[in-house]
Amino acid sequence: MAVIAEPVAKPISRFHFVLDRREVLETILVAPAILYVLLLVGLPLLLAVYYSLSAYTIYNPTWKFVGLANFEQILQNPNFLDTLRNTFIFTFGSQLLGLVLGKFGAFLLLQPFPGRKIVRALIILPFAVPVALATIAWQWMFDSLYSVINWTLIAAGILTREEAPNWLGNPYLAMLCIVIINAWRFFPFAIVIFLAGITAVPQDVIDAATVDGAGFWRRNYQIILPMILPIMAIGLIFGIVFTFTDLSIVFLLTQGGPGGATSVLGFEGFQTGIVSGDVAHGAAISLFMLPVLLVVVIFMLRFIRRREI
């Protein structure tokens, strides 16, 4: 009678056992993201701190420690305080307008109407179009001679040609223009946030409120809105961070004008550190974004935590 030999089990490598450990596998999976953040965020931040504490310029690249002198000098500059104020107006004004547009846009897209799927696809275009192309289009719309907005108002008889505003030549209107453009870029993102939050609200809660006599406004502002506030806060954090550090719209549309009325921190840091070559003061201006954003993010995260509890 023939004897069948049992197959010999292959020894399992030590490496296989190491990957079975949860903490090791988690570290390996998270390591690329951590490395990405360290190289593209951490290293530039350290360089900014390094240059802000020195007298480094392109014309005199020798590093000389000056401490906090650069920060004291820019704080004593009244133009910097105006820039800081413009940054807050630009950031929070555009975020507020974007949230309002996003909320009403989300309610509109929740209603059934012909072509809703096409509208949902097209609504993302402001977020997908390159900012340079979009800003050039808006620049034509706000042009002092060929503004399609002015032409429409004149054709409708609302304004005369003499009363037509110079959108980018008036300090207040120029600020309004960059706020509108940034809100236009942000509101598709706000629509997505509101759609995700509203659809996550249990239908039973809405039905119960309707049975109890709650109308449209009460359902939305006393029931739905408080329930989706944490989701809104997360989206608002992203919007504030991206807007506070953005310089593209100001750089392409107004160059900080007229008379510095639309200059923001990102643009001012670029002009000082790159265009003018004063790297030390440019880095100091840019670092002013960090404590402001840190306070805003901590406040929003604490608000979210209280809402979840």
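Residues numbered from 1 in each chain as written. Predicted model: local features only at pLDDT ≥ 70, side-chain atom pairs only at ≥ 80, totals over all residues. Heavy atoms only, no water.

1. Comments concerning the overall build of the protein chain
How we decide: In this description a helix means any DSSP run of H or I spanning at least four residues, a strand means any run of E spanning at least two, and both kinds are numbered starting from the N terminus. The globule rule used for comparison is 2.2 Å times the number of residues to the exponent 0.38, while the radius of gyration itself is calculated over C-alpha atoms. Accessibility here uses a 1.4 Å probe with only protein chains present; expressed as a share of the type maximum, an area under 20% marks a residue as buried, one over 50% as exposed, and anything in between as partly exposed. Residue contacts are defined here by distance: any two heavy atoms, one from each residue, within 4.5 Å place the two residues in contact. The protein chains shown are the only cover counted for residues, whose accessible areas, like all others here, come from Shrake-Rupley with a 1.4 Å probe. In this charge count, Lys and Arg are treated as positive and Asp and Glu as negative; neither His nor the chain ends contribute. To locate a charge, take atom NZ for lysine, CZ for arginine, CG for aspartate or CD for glutamate.
Per the secondary structure count, the protein chain includes 15 helices and zero strands. A compact globule built from 309 residues should have a C-alpha radius of gyration of about 19 Å, whereas the protein chain, at 27 Å, is more than 25% larger. Burial analysis of the protein chain (309 residues in total) assigns 34% to the buried set. Sequence-distant contacts in the protein chain: of pairs separated by 6 or more residues, those separated by 24 or more amount to 68%. If you sum the accessible surface of the protein chain, you get close to 19400 Å²; carbon and sulfur atoms cover 70% of it. A distance of 6 Å separates the average location of the 18 positive side-chain charges in the protein chain from that of its 16 negative side-chain charges.

2. With respect to the side chain of T135
To be explicit about the condition: As used in this structure description, the phrase polar contact means that two N or O atoms lie within 3.5 Å; if the pair is within protein, one of them must be able to donate a hydrogen and the other to accept it, and residues adjacent in sequence are counted only when both atoms belong to side chains.
Assignment of secondary structure puts T135 in helix α7 (residues 131-141). Look at T135 and you get buried, because its relative accessible area is 1%. Among the polar contacts listed, one links the side chain of T135 to the backbone oxygen of V131, at a separation of 2.7 Å. Residues within four places of T135 in sequence aside, it is in contact with I249, L252 and L253.

3. A closer look at the packing of helix α13 (residues 265-275) against helix α14 (residues 279-287)
Note the threshold: Angles shown run from 0 to 180 degrees and are taken between the N-to-C directions of axes, each axis being a line fitted to C-alpha atoms and, for helices, limited to the stretch in contact. Here roughly perpendicular refers to angles of 65 to 115 degrees, roughly parallel to angles under 35, roughly antiparallel to angles over 145, and oblique to all remaining angles. Residue type decides the class: Asp, Glu, Lys and Arg count as charged, Ala, Val, Leu, Ile, Met, Phe, Trp, Tyr, Cys and Pro as nonpolar, and the leftover types, Gly among them, as polar.
Look at α13 against α14: their axes get within 7 Å of each other, and the N-to-C directions meet at 170°. Overall, the two elements α13 and α14 adopt an arrangement that is roughly antiparallel. Between α13 and α14, the residues in contact are L265, E268, G269, T272 and G273 and V279, H281, G282, I285 and S286, respectively. In terms of residue class, the contact of α13 with α14 is made up of three nonpolar, six polar and one charged.

4. Quick look at the environment of I304
Along the polypeptide, I304 turns up in helix α15 (residues 289-308). Once the C-alpha coordinates of I304 and A233 are considered, the two residues, 71 residues apart in sequence, prove to be 6.9 Å apart. When residues no more than four places from it in sequence are discounted, the contact partners of I304 are P230, A233, I234 and I237.

5. Examining the UniProt feature "transmembrane region" (unreviewed entry) in the protein chain
Operational definition: UniProt positions are given in the numbering used here, feature names are shortened, and annotations may be inferred rather than shown by experiment.
As annotated in UniProt, the feature "transmembrane region" (unreviewed entry) corresponds to residues 28-53, 88-110, 122-141, 172-202, 223-244 and 283-304 in the numbering used here. Counting secondary structure, residues 28-53 comes out at 96% helix and 0% strand; the distance between its end C-alpha atoms is 36 Å. As a span, residues 172-202 carries 94% helix and 0% strand, and end to end its C-alpha atoms are 44 Å apart.

6. A word on the environment of Q203
Of note, Q203 is situated in helix α10 (residues 203-211). Residue Q203 is classed as partly exposed on the basis of its relative accessible area of 48%. Note: C-alpha distance between Q203 and A190 (13 residues apart in sequence) is 22 Å.

7. Some remarks on a nonpolar patch on the surface
Operational definition: A patch consists of residues exposed above 30% relative accessible area that lack any salt bridge, with like charges linked at up to 9 Å and nonpolar side chains (Val, Leu, Ile, Met, Phe, Trp, Tyr) linked at up to 5 Å. For this analysis, a salt bridge means a side-chain nitrogen from Lys or Arg found within 4 Å of a carboxyl oxygen belonging to Asp or Glu.
A contiguous nonpolar surface patch, about 600 Å² in accessible area, is contributed by L35, Y36, V37, L39, L40 and V41. Along the chain, V37 turns up in helix α2 (residues 22-52).

8. Details of the side chain of D246
On the secondary structure map, D246 appears in the loop between α11 (216-244) and α12 (248-253). Judged by its relative accessible area of 15%, D246 is buried. If near-sequence neighbours (up to four positions away) are discounted, D246 is found in contact with R185 and V264.

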